[in-house]
Amino acid sequence: MDTTAPAPKAGILDIAAYVGGKSKIEGVAEPIKLSSNENALGCSAKAIEAFEAAKAKLFRYPDGHANALREVVAAYHGLEAERLVFGNGSDEVFAFLNQAWLEAGDNIVTGEHGFLAYRISALACQAEVKLAPEPDQRVEIDALLDLVDDRTKIVYISNPANPTGTWNTPEEIAELRARLAPHILLVIDEAYAEFVDEPSWASAFDMAKDADNIIVTRTFSKIHGLAGLRVGFGYCPTPVVAALERIRLPFNVNLPAQAAAIAALQDAAHIEASRQHVLTWRPRLVQEIRAMGLDVRNSAGNFVLIHFRDGDEAARANEFLMSKGLIVRHVANYGLPQALRVTVGKDHENRAFLDALTEFAKGLKPEV
Ligand code: PMP
(Lines give C-alpha, C1' and ligand atoms only; values in the text may rest on other atoms or scores of the structure.)
Protein backbone atom coordinates (compact mmCIF):
# COMPACT_ATOMS: atom_id res chain seq x y z
CA MET A 1 0.00 0.00 0.00
CA ASP A 2 1.11 3.55 -0.70
CA THR A 3 1.93 4.78 2.81
CA THR A 4 1.63 8.41 1.73
CA ALA A 5 -2.05 7.99 0.81
CA PRO A 6 -4.53 9.58 3.24
CA ALA A 7 -5.86 7.00 5.69
CA PRO A 8 -8.59 7.32 8.31
CA LYS A 9 -7.71 6.65 11.93
CA ALA A 10 -7.28 3.07 13.13
CA GLY A 11 -10.44 1.00 13.24
CA ILE A 12 -12.60 3.11 10.92
CA LEU A 13 -12.31 0.74 7.97
CA ASP A 14 -13.15 -2.20 10.24
CA ILE A 15 -16.61 -0.78 10.93
CA ALA A 16 -19.32 -2.61 9.02
CA ALA A 17 -21.25 0.16 7.26
CA TYR A 18 -24.96 0.29 8.14
CA VAL A 19 -27.12 -1.26 5.45
CA GLY A 20 -30.66 0.09 5.47
CA GLY A 21 -33.78 -1.77 4.43
CA LYS A 22 -33.89 -2.46 0.69
CA SER A 23 -36.41 -0.41 -1.27
CA LYS A 24 -36.10 -1.86 -4.79
CA ILE A 25 -36.52 -5.20 -6.48
CA GLU A 26 -35.19 -5.60 -10.01
CA GLY A 27 -38.06 -5.66 -12.49
CA VAL A 28 -40.75 -4.80 -9.93
CA ALA A 29 -42.20 -1.31 -10.42
CA GLU A 30 -43.81 -0.95 -7.01
CA PRO A 31 -42.53 -3.40 -4.46
CA ILE A 32 -44.17 -3.66 -1.06
CA LYS A 33 -41.62 -2.34 1.40
CA LEU A 34 -41.88 -3.82 4.87
CA SER A 35 -38.21 -3.57 5.69
CA SER A 36 -37.62 -0.38 7.71
CA ASN A 37 -40.29 -0.17 10.43
CA GLU A 38 -41.82 2.88 8.81
CA ASN A 39 -45.37 4.00 9.58
CA ALA A 40 -47.82 2.13 7.32
CA LEU A 41 -50.20 5.09 7.40
CA GLY A 42 -47.52 7.58 6.41
CA CYS A 43 -47.38 10.88 8.26
CA SER A 44 -50.08 13.28 9.35
CA ALA A 45 -51.69 15.43 6.61
CA LYS A 46 -51.08 18.33 9.00
CA ALA A 47 -47.37 17.55 9.01
CA ILE A 48 -47.36 17.64 5.21
CA GLU A 49 -49.16 21.00 5.31
CA ALA A 50 -46.57 22.38 7.73
CA PHE A 51 -43.79 21.00 5.53
CA GLU A 52 -45.34 22.68 2.47
CA ALA A 53 -45.70 25.96 4.32
CA ALA A 54 -42.03 25.80 5.29
CA LYS A 55 -41.11 26.05 1.59
CA ALA A 56 -41.27 29.81 1.69
CA LYS A 57 -38.64 29.90 4.43
CA LEU A 58 -36.10 27.53 2.98
CA PHE A 59 -33.55 30.30 2.52
CA ARG A 60 -33.55 30.84 6.30
CA TYR A 61 -31.51 28.87 8.78
CA PRO A 62 -33.62 26.80 11.13
CA ASP A 63 -33.95 27.73 14.79
CA GLY A 64 -30.75 26.19 16.11
CA HIS A 65 -32.30 25.55 19.51
CA ALA A 66 -35.56 24.17 18.05
CA ASN A 67 -37.45 26.32 20.55
CA ALA A 68 -40.97 25.91 19.19
CA LEU A 69 -40.53 22.15 18.78
CA ARG A 70 -38.90 21.96 22.21
CA GLU A 71 -41.88 23.60 23.89
CA VAL A 72 -44.38 21.35 22.12
CA VAL A 73 -42.45 18.15 22.94
CA ALA A 74 -41.93 19.21 26.56
CA ALA A 75 -45.63 19.99 27.05
CA TYR A 76 -46.73 16.79 25.29
CA HIS A 77 -44.60 14.51 27.45
CA GLY A 78 -44.62 16.61 30.62
CA LEU A 79 -40.83 17.15 30.53
CA GLU A 80 -38.61 20.16 31.24
CA ALA A 81 -37.91 21.83 27.90
CA GLU A 82 -34.28 22.63 28.70
CA ARG A 83 -33.49 18.97 29.35
CA LEU A 84 -34.18 18.03 25.71
CA VAL A 85 -31.48 17.61 23.08
CA PHE A 86 -32.71 17.31 19.50
CA GLY A 87 -30.94 15.29 16.86
CA ASN A 88 -31.10 14.56 13.16
CA GLY A 89 -32.96 11.42 14.10
CA SER A 90 -32.36 9.80 17.47
CA ASP A 91 -29.35 8.19 15.76
CA GLU A 92 -27.61 11.53 16.05
CA VAL A 93 -28.34 11.76 19.77
CA PHE A 94 -26.58 8.39 20.24
CA ALA A 95 -23.65 9.72 18.20
CA PHE A 96 -23.46 12.86 20.38
CA LEU A 97 -23.43 10.77 23.54
CA ASN A 98 -20.72 8.51 22.20
CA GLN A 99 -18.66 11.44 20.94
CA ALA A 100 -18.90 13.28 24.25
CA TRP A 101 -18.29 10.27 26.51
CA LEU A 102 -16.04 7.77 24.74
CA GLU A 103 -12.30 7.82 24.47
CA ALA A 104 -10.22 5.17 22.72
CA GLY A 105 -10.26 2.03 24.86
CA ASP A 106 -13.54 2.87 26.63
CA ASN A 107 -16.55 0.69 25.97
CA ILE A 108 -20.30 0.63 25.61
CA VAL A 109 -22.42 -2.32 26.67
CA THR A 110 -25.61 -3.37 24.90
CA GLY A 111 -27.57 -6.51 24.05
CA GLU A 112 -26.21 -8.86 21.39
CA HIS A 113 -29.18 -8.14 19.10
CA GLY A 114 -29.22 -4.45 19.95
CA PHE A 115 -29.72 -1.65 17.47
CA LEU A 116 -26.65 -1.13 15.27
CA ALA A 117 -26.56 2.68 15.37
CA TYR A 118 -25.24 2.67 18.96
CA ARG A 119 -22.28 0.63 17.87
CA ILE A 120 -21.23 2.48 14.74
CA SER A 121 -20.53 5.82 16.38
CA ALA A 122 -18.95 4.10 19.40
CA LEU A 123 -16.49 2.31 17.11
CA ALA A 124 -15.80 5.63 15.39
CA CYS A 125 -14.61 6.87 18.80
CA GLN A 126 -12.25 3.87 18.92
CA ALA A 127 -14.27 2.44 21.76
CA GLU A 128 -15.10 -1.20 22.23
CA VAL A 129 -18.61 -2.58 21.88
CA LYS A 130 -19.48 -5.28 24.42
CA LEU A 131 -22.46 -7.38 23.50
CA ALA A 132 -24.36 -9.15 26.27
CA PRO A 133 -26.05 -12.48 25.47
CA GLU A 134 -29.81 -12.22 25.09
CA PRO A 135 -31.24 -15.58 26.11
CA ASP A 136 -34.53 -16.00 24.33
CA GLN A 137 -33.77 -12.78 22.45
CA ARG A 138 -34.59 -10.60 25.39
CA VAL A 139 -32.16 -8.24 27.06
CA GLU A 140 -31.11 -9.71 30.39
CA ILE A 141 -30.09 -7.27 33.08
CA ASP A 142 -27.56 -9.63 34.73
CA ALA A 143 -25.90 -10.30 31.38
CA LEU A 144 -25.53 -6.57 30.68
CA LEU A 145 -24.15 -5.89 34.16
CA ASP A 146 -21.70 -8.79 33.88
CA LEU A 147 -19.98 -6.98 31.01
CA VAL A 148 -19.69 -3.62 32.72
CA ASP A 149 -16.10 -2.85 33.72
CA ASP A 150 -14.03 0.17 34.66
CA ARG A 151 -13.85 1.33 31.03
CA THR A 152 -17.62 1.21 30.52
CA LYS A 153 -19.06 4.67 29.89
CA ILE A 154 -22.51 3.97 28.45
CA VAL A 155 -25.05 1.14 28.63
CA TYR A 156 -27.61 1.19 25.81
CA ILE A 157 -30.92 -0.59 25.93
CA SER A 158 -33.81 -0.23 23.53
CA ASN A 159 -37.17 -0.80 25.07
CA PRO A 160 -38.97 -2.18 23.16
CA ALA A 161 -36.08 -3.66 21.24
CA ASN A 162 -35.49 -3.74 17.50
CA PRO A 163 -35.33 -6.24 15.78
CA THR A 164 -36.49 -8.72 18.42
CA GLY A 165 -39.66 -6.86 19.47
CA THR A 166 -39.07 -7.87 23.10
CA TRP A 167 -39.27 -5.47 26.03
CA ASN A 168 -38.08 -5.09 29.60
CA THR A 169 -40.29 -4.36 32.58
CA PRO A 170 -40.01 -1.20 34.70
CA GLU A 171 -38.74 -3.42 37.52
CA GLU A 172 -35.92 -4.70 35.34
CA ILE A 173 -35.00 -1.20 34.22
CA ALA A 174 -35.07 -0.03 37.85
CA GLU A 175 -32.80 -2.91 38.81
CA LEU A 176 -30.39 -2.05 36.01
CA ARG A 177 -30.31 1.53 37.19
CA ALA A 178 -29.82 0.54 40.82
CA ARG A 179 -26.93 -1.82 40.10
CA LEU A 180 -25.15 0.40 37.59
CA ALA A 181 -22.44 2.68 38.97
CA PRO A 182 -23.81 6.23 38.91
CA HIS A 183 -21.02 7.60 36.70
CA ILE A 184 -22.08 5.31 33.84
CA LEU A 185 -24.73 6.65 31.47
CA LEU A 186 -27.80 4.50 30.92
CA VAL A 187 -29.47 5.24 27.58
CA ILE A 188 -33.00 3.93 27.21
CA ASP A 189 -34.08 4.10 23.58
CA GLU A 190 -37.88 4.20 23.35
CA ALA A 191 -38.23 4.57 19.56
CA TYR A 192 -41.20 2.18 19.55
CA ALA A 193 -42.85 3.32 22.80
CA GLU A 194 -46.18 4.30 21.25
CA PHE A 195 -46.78 0.82 19.86
CA VAL A 196 -46.54 -0.95 23.21
CA ASP A 197 -49.72 -2.46 24.56
CA GLU A 198 -48.28 -4.32 27.51
CA PRO A 199 -49.15 -3.70 31.14
CA SER A 200 -45.64 -4.90 31.94
CA TRP A 201 -44.00 -1.95 30.16
CA ALA A 202 -43.64 1.70 31.16
CA SER A 203 -41.73 4.63 29.76
CA ALA A 204 -38.56 5.52 31.64
CA PHE A 205 -39.32 9.26 31.46
CA ASP A 206 -40.45 9.20 35.10
CA MET A 207 -37.38 7.34 36.27
CA ALA A 208 -35.17 9.75 34.31
CA LYS A 209 -36.69 12.81 36.00
CA ASP A 210 -34.54 12.66 39.13
CA ALA A 211 -31.64 10.60 37.77
CA ASP A 212 -28.20 12.00 36.99
CA ASN A 213 -27.23 9.31 34.53
CA ILE A 214 -30.36 8.33 32.55
CA ILE A 215 -31.13 9.48 29.01
CA VAL A 216 -34.41 8.52 27.35
CA THR A 217 -34.62 8.89 23.58
CA ARG A 218 -37.62 9.11 21.29
CA THR A 219 -38.03 9.54 17.54
CA PHE A 220 -40.44 11.10 15.05
CA SER A 221 -39.58 8.34 12.55
CA LYS A 222 -42.02 5.68 13.77
CA ILE A 223 -45.39 6.70 15.26
CA HIS A 224 -45.23 10.08 13.49
CA GLY A 225 -44.14 8.66 10.13
CA LEU A 226 -41.44 11.28 9.58
CA ALA A 227 -38.46 8.97 9.03
CA GLY A 228 -37.45 10.94 5.94
CA LEU A 229 -37.18 14.22 7.83
CA ARG A 230 -34.92 12.92 10.64
CA VAL A 231 -36.03 14.20 14.04
CA GLY A 232 -35.37 12.58 17.39
CA PHE A 233 -34.54 13.77 20.87
CA GLY A 234 -33.04 12.75 24.15
CA TYR A 235 -34.39 13.68 27.58
CA CYS A 236 -31.17 14.19 29.51
CA PRO A 237 -29.85 15.21 32.92
CA THR A 238 -28.81 18.88 32.83
CA PRO A 239 -25.02 18.21 32.87
CA VAL A 240 -25.45 15.82 29.93
CA VAL A 241 -27.33 18.54 28.02
CA ALA A 242 -24.43 20.89 28.75
CA ALA A 243 -21.99 18.42 27.18
CA LEU A 244 -24.11 17.52 24.16
CA GLU A 245 -24.97 21.12 23.35
CA ARG A 246 -21.26 21.85 23.01
CA ILE A 247 -20.75 19.30 20.27
CA ARG A 248 -24.11 19.57 18.51
CA LEU A 249 -23.63 21.47 15.27
CA PRO A 250 -25.77 24.62 15.20
CA PHE A 251 -28.48 23.67 12.71
CA ASN A 252 -28.68 19.90 12.96
CA VAL A 253 -32.48 19.67 12.75
CA ASN A 254 -33.64 21.33 9.56
CA LEU A 255 -36.40 23.89 9.21
CA PRO A 256 -39.14 21.85 7.48
CA ALA A 257 -38.42 18.96 9.85
CA GLN A 258 -39.03 21.13 12.91
CA ALA A 259 -42.26 22.50 11.41
CA ALA A 260 -43.59 19.07 10.42
CA ALA A 261 -42.66 17.51 13.76
CA ILE A 262 -44.65 20.16 15.65
CA ALA A 263 -47.70 19.54 13.46
CA ALA A 264 -47.32 15.76 13.81
CA LEU A 265 -47.30 15.94 17.59
CA GLN A 266 -50.45 18.05 17.51
CA ASP A 267 -52.35 15.56 15.34
CA ALA A 268 -53.78 13.29 18.01
CA ALA A 269 -56.07 11.55 15.52
CA HIS A 270 -53.19 10.44 13.31
CA ILE A 271 -51.16 9.27 16.28
CA GLU A 272 -54.08 7.20 17.52
CA ALA A 273 -54.87 5.80 14.06
CA SER A 274 -51.21 4.78 13.61
CA ARG A 275 -51.19 3.05 16.98
CA GLN A 276 -54.50 1.30 16.40
CA HIS A 277 -53.38 0.10 12.98
CA VAL A 278 -50.41 -1.66 14.57
CA LEU A 279 -52.43 -2.96 17.51
CA THR A 280 -54.93 -4.47 15.07
CA TRP A 281 -52.48 -6.01 12.63
CA ARG A 282 -49.67 -7.14 14.90
CA PRO A 283 -51.61 -9.90 16.69
CA ARG A 284 -53.23 -10.86 13.41
CA LEU A 285 -49.85 -11.31 11.77
CA VAL A 286 -48.55 -13.28 14.75
CA GLN A 287 -51.58 -15.55 14.81
CA GLU A 288 -51.55 -16.24 11.06
CA ILE A 289 -47.81 -16.79 10.91
CA ARG A 290 -48.02 -19.22 13.83
CA ALA A 291 -50.83 -21.04 12.07
CA MET A 292 -48.38 -21.65 9.19
CA GLY A 293 -46.21 -23.57 11.65
CA LEU A 294 -43.58 -20.84 11.84
CA ASP A 295 -42.01 -19.45 15.00
CA VAL A 296 -42.93 -15.83 15.66
CA ARG A 297 -42.83 -14.15 19.05
CA ASN A 298 -45.07 -11.47 20.48
CA SER A 299 -43.72 -8.06 19.61
CA ALA A 300 -44.13 -4.65 21.20
CA GLY A 301 -43.01 -2.74 18.08
CA ASN A 302 -44.57 -2.04 14.68
CA PHE A 303 -42.95 -5.20 13.34
CA VAL A 304 -42.69 -8.91 13.99
CA LEU A 305 -39.66 -11.20 13.87
CA ILE A 306 -40.07 -14.60 12.23
CA HIS A 307 -37.65 -17.40 13.01
CA PHE A 308 -36.87 -20.05 10.44
CA ARG A 309 -35.03 -23.30 10.99
CA ASP A 310 -31.69 -21.83 10.00
CA GLY A 311 -30.03 -19.09 8.02
CA ASP A 312 -30.48 -20.92 4.72
CA GLU A 313 -34.20 -21.28 5.19
CA ALA A 314 -34.52 -17.60 6.17
CA ALA A 315 -32.52 -16.61 3.07
CA ARG A 316 -34.79 -18.77 0.89
CA ALA A 317 -37.89 -17.23 2.46
CA ASN A 318 -36.44 -13.79 1.82
CA GLU A 319 -35.75 -14.62 -1.84
CA PHE A 320 -39.21 -16.10 -2.26
CA LEU A 321 -40.88 -13.00 -0.79
CA MET A 322 -38.75 -10.80 -3.08
CA SER A 323 -39.91 -12.85 -6.05
CA LYS A 324 -43.44 -11.86 -5.02
CA GLY A 325 -42.52 -8.18 -4.85
CA LEU A 326 -42.20 -8.06 -1.06
CA ILE A 327 -39.23 -6.57 0.75
CA VAL A 328 -38.67 -7.61 4.37
CA ARG A 329 -35.47 -7.50 6.44
CA HIS A 330 -33.14 -10.44 6.84
CA VAL A 331 -31.50 -9.53 10.15
CA ALA A 332 -28.31 -11.60 9.93
CA ASN A 333 -26.24 -8.53 10.83
CA TYR A 334 -28.09 -8.38 14.17
CA GLY A 335 -26.82 -11.84 15.03
CA LEU A 336 -30.09 -13.40 13.86
CA PRO A 337 -29.29 -15.13 10.54
CA GLN A 338 -32.32 -17.40 10.93
CA ALA A 339 -34.80 -14.52 11.20
CA LEU A 340 -36.73 -12.11 9.00
CA ARG A 341 -38.22 -8.92 10.39
CA VAL A 342 -41.46 -7.70 8.86
CA THR A 343 -42.92 -4.26 9.43
CA VAL A 344 -46.69 -3.91 9.81
CA GLY A 345 -47.81 -2.50 6.45
CA LYS A 346 -51.04 -1.25 4.97
CA ASP A 347 -53.97 -3.70 4.92
CA HIS A 348 -53.38 -4.93 1.36
CA GLU A 349 -49.62 -5.15 1.95
CA ASN A 350 -50.08 -7.32 5.03
CA ARG A 351 -52.46 -9.59 3.15
CA ALA A 352 -50.05 -9.90 0.23
CA PHE A 353 -47.29 -10.75 2.68
CA LEU A 354 -49.37 -13.38 4.48
CA ASP A 355 -50.38 -14.97 1.16
CA ALA A 356 -46.78 -15.16 -0.01
CA LEU A 357 -45.51 -16.52 3.29
CA THR A 358 -48.28 -19.12 3.37
CA GLU A 359 -47.14 -20.31 -0.04
CA PHE A 360 -43.53 -20.49 1.12
CA ALA A 361 -44.43 -22.30 4.35
CA LYS A 362 -46.39 -24.96 2.43
CA GLY A 363 -43.19 -25.91 0.64
CA LEU A 364 -41.28 -26.48 3.89
CA LYS A 365 -40.59 -30.00 5.04
CA PRO A 366 -42.15 -30.74 8.42
CA GLU A 367 -39.72 -31.00 11.36
CA VAL A 368 -38.58 -34.57 11.93
N1 PMP B 1 -33.79 3.10 17.89
C2 PMP B 1 -34.27 1.98 17.37
C3 PMP B 1 -34.39 0.79 18.26
C4 PMP B 1 -34.63 1.92 16.03
O5 PMP B 1 -35.08 0.80 15.49
C6 PMP B 1 -34.48 3.07 15.22
C7 PMP B 1 -34.84 3.11 13.77
N8 PMP B 1 -34.67 2.00 13.03
C9 PMP B 1 -33.96 4.20 15.81
C10 PMP B 1 -33.64 4.21 17.15
C11 PMP B 1 -33.55 5.37 14.99
O12 PMP B 1 -34.48 6.29 14.82
P13 PMP B 1 -34.19 7.64 14.05
O14 PMP B 1 -34.87 7.50 12.76
O15 PMP B 1 -34.80 8.65 14.97
O16 PMP B 1 -32.72 7.86 13.92
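Rules used in this analysis
Residues numbered from 1 in each chain as written. Predicted model: local features only at pLDDT ≥ 70, side-chain atom pairs only at ≥ 80, totals over all residues. Heavy atoms only, no water. Pairing = 2+ DSSP bridges. Helix = DSSP H or I, 4+ residues; strand = E, 2+ residues; numbered from the N terminus. Axes fitted to C-alpha atoms, helices over the stretch in contact; angles between N-to-C directions. Contact = heavy atoms within 4.5 Å. Salt bridge = Lys/Arg side-chain N within 4 Å of Asp/Glu carboxyl O. Buried < 20%, exposed > 50% of the residue type's maximum accessible area, 1.4 Å probe, protein only. Right-handed = clockwise from strand over helix to strand, strands pointing away. Domains from an automatic or database assignment. Buried area = accessible area lost by both parts, 1.4 Å probe. Polar contact = N/O pair within 3.5 Å; in protein donor to acceptor, adjacent residues only side chain to side chain. Nonpolar A, V, L, I, M, F, W, Y, C, P; charged D, E, K, R; others polar.

Asks: Go over the sheet that holds strand β5 (residues 152-158) with me, naming the residues and quoting the values.
Replies: Where strands meet in a sheet, backbone hydrogen bonds hold them as pairs that are either parallel or antiparallel. As summarised here, the arrangement of the seven strands in space is β2-β8-β7-β6-β5-β3-β4, forming an open sheet in which the pairing is mixed. Bordering the open sheet on either side are β2 (84-87) and β4 (128-132), each of which pairs with just one other strand. In this sheet, neighbouring strand axes are inclined to one another by 20° on average, regardless of whether the strands run parallel or antiparallel. Looking at chain direction, strand β3 (residues 107-111) and β4 are connected through five bridges and run parallel. Of the residues in β4, the one forming a bridge with N107 is E128. Along the sheet face, helix α3 (residues 90-101) touches β2, β3, β5, β6 (185-189), β7 (214-219) and β8 (232-235) and points at about 165° away from the line of β5.

Asks: Account for the pattern of salt bridges, with residues named and values stated.
Replies: Under the criterion given, the structure shown has 18 salt bridges. Among the salt bridges present, the one from R179 reaches E175, with a minimum N-O distance of 2.5 Å. With R179 and E175 both in helix α6 (residues 170-179) and four residues apart, this pair spans about one turn of that helix. Each member of the salt-bridge network shares a partner with another, and the members are D106, R151 and K153.

Asks: Pulling in residues and values, what's your account of the pairing of β3?
Replies: Buried residues dominate β3, accounting for five of its five residues. Handedness of the β3-helix α4 (residues 116-124)-β4 crossover: right-handed. Inspection of the sheet shows β3 paired to β5 by three bridges, in the parallel sense. Its bridge partner lying in β5, N107 is registered against T152.

Asks: Can you break down the sheet that holds strand β12 (residues 329-330) residue by residue, with the values?
Replies: One open sheet accounts for four strands, arranged β9-β10-β13-β12; its pairing is antiparallel. The open sheet terminates on both sides in strands that have one partner only, identified here as β9 (295-296) and β12. Inspection of the sheet shows strand β10 (residues 303-307) paired to strand β13 (residues 339-343) by five bridges, in the antiparallel sense. The partner of V304 across the bridge, within β13, is V342.

Asks: Quick one: what's the story with the environment of L340, residue by residue and with numbers?
Replies: Position of L340 relative to the elements: it lies in strand β13. Residue class for L340 comes out buried when judged on its relative accessible area of 1%. Excluding residues within four positions of it along the chain, L340 makes contact with V304, L305, I306, F308, A314, A317, N318, L321, V328, R329 and H330.

Asks: Can you lay out the domain arrangement of the protein for me, pointing to particular residues and giving the numbers?
Replies: Domain boundaries assigned for the protein yield domain 1 (20-43 + 269-362) and domain 2 (45-266). Look at where the C-alpha atoms of domain 1 and domain 2 centre, and you get two points 25 Å apart. Contact residues are listed per partner, giving 28 residues for domain 1 and 30 residues for domain 2. When the two sides are added together, the surface that domain 1 and domain 2 hide from each other amounts to roughly 2,400 Å², 58% of it contributed by carbon and sulfur. On the domain 1 side of the interface with domain 2, the three residues burying the most area are C43, I271 and Y334, jointly 30% of the side's total. In this structure, the connection of domain 1 to domain 2 is made through two salt bridges. For D197, the salt bridge goes to R275, with nearest N and O atoms at 4.0 Å. The interface formed by domain 1 and domain 2 contains 13 residue pairs in polar contact (both at pLDDT 80 or more). When contributions to the side of domain 1 that touches domain 2 are tallied by element, the ones reaching two or more residues are α10 (268-291) and β10. It is α10 that provides the largest number of residues to the side of domain 1 that touches domain 2, a total of seven residues. When its residues are assigned to classes, the side of domain 1 that touches domain 2 shows ten nonpolar, 14 polar and four charged.

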